[in-house]
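A closer look at the structure
Chain by chain, the residues run as shown.
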Amino acid sequence: MRLLLLFLLAASAVVRSEASANLGGVPSKRLKMQYATGPLLKFQIWRVFEEYMRVISQRYPDIRIEGENYLPQPIYRHIASFLSIFKLVLIVLIIVGKDPFAFFGMQAPSIWQWGQENKVYACMMVFFLSNMIENQCMSTGAFEITLNDVPVWSKLESGHLPSMQQLVQILDNEMKLNVHMDSIPHHRS
């Protein structure tokens, strides 16, 4: 039972760190890109980051590219945090065999009695169902792109990902606009 609890705690930590990172091998690439000069293209992503990053870095080698998670609304983050803690408390209660309903003067429901008879299955069920709900709360489906903190694409507004051609066209237009704005002399009044 202790081994199961340690496994569940470790798995929860891994799932939580993967859900918060969700960028694969990006951190090492992020360190390399930190020192690049030029405009900053920022992706607030859900998926498909590396494919876009590869094509854009080939076409625009002077653009720094960063990726980060687009955070869900605070209420959903709080629900996910609460579920994470509640899940661990519930698993500990199942393993230890304490009846939380007796504390409130209630009769334990049949599912709690089943959980006490089948501790391994009950712990796994609590763990996986809770993780499923936590991941759903943290999922936004966002793919937001900014160039020097100016939004250039929003999946939340458009409802779809940009095609590679659309993104390249948007970046071409933005880069031409930036070059044109930089070449205009600044007049003092």
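Above this text you will find the structure in question.
These figures come from a predicted structure and were not determined experimentally. (Residues numbered from 1 in each chain as written. Predicted model: local features only at pLDDT ≥ 70, side-chain atom pairs only at ≥ 80, totals over all residues. Heavy atoms only, no water.)

Digging into unusual backbone geometry
What counts is decided by this rule: Helix numbering and strand numbering both begin at the N terminus, where a helix is a DSSP run of H or I of at least 4 residues and a strand a DSSP run of E of at least 2. Under the scheme applied here, a residue whose accessible area is under 20% of the maximum for its type counts as buried, over 50% as exposed, and between as partly exposed, the area being computed with a 1.4 Å probe on protein chains only.
The backbone of asparagine 148 shows a phi angle near 50°, a positive value even though the residue is not glycine. Locating asparagine 148 in the fold gives a position in the loop between strand E3 (144-147) and strand E4 (150-154). The residue aspartate 149 is not glycine, and still its phi comes out positive at about 65°. Position of aspartate 149 relative to the elements: it lies in the loop between E3 and E4. Look at aspartate 149 and you get exposed, because its relative accessible area is 61%.

Considerations on the pattern of salt bridges
Heads up, the condition is: Any Lys or Arg side-chain nitrogen located within 4 Å of an Asp or Glu carboxyl oxygen qualifies as a salt bridge.
Throughout the structure, instances matching the rule amount to two salt bridges. A salt bridge links arginine 59 to aspartate 172; the shortest N-O distance between them is 3.0 Å. Taken together, the residues span a long stretch of sequence, with arginine 59 in helix H3 (residues 49-59) and aspartate 172 in helix H9 (residues 164-183) at a distance of 113 residues. In this structure arginine 59 comes out as partly exposed when scored by relative accessible area, which is 46%. Across the salt bridge formed by lysine 87 and glutamate 134, the nearest N and O atoms sit 3.2 Å from each other. Of this pair, lysine 87 sits in helix H4 (residues 74-96) while glutamate 134 sits in helix H7 (residues 119-138), and the two are 47 residues apart along the sequence.

Some remarks on the environment of proline 74
Counting through the fold element by element, proline 74 comes out in helix H4. By relative accessible area, which is 45% here, proline 74 ends up partly exposed. With 64 residues separating them in the primary sequence, proline 74 and methionine 138 have C-alpha atoms 9.8 Å apart.

Examining the packing of aromatic side chains
Aromatic ring pairs are defined here through the distance separating the ring centres and the angle between the ring planes. Put simply, the rule is: Ring pairs are drawn from Phe, Tyr and Trp, using the six-membered ring of Trp, whenever the two centres fall within 6.5 Å, and their geometry is named by plane angle: stacked under 30 degrees, edge-to-face over 60, tilted for the rest.
Under the criterion given, the structure shown has four aromatic pairs. Their ring planes at 15° and their centres at 5.7 Å tell us that phenylalanine 82 and phenylalanine 86 sit as a pair that is stacked. With phenylalanine 82 and phenylalanine 86 both in helix H4, this residue pair falls four residues apart, about one helical turn. Considering the side-chain rings of phenylalanine 127 and phenylalanine 128, the 5.1 Å spacing of their centres and the 80° angle between planes classify their relative orientation as edge-to-face. Among the residues examined, phenylalanine 127 registers a relative accessible area of 3% and is labelled buried.

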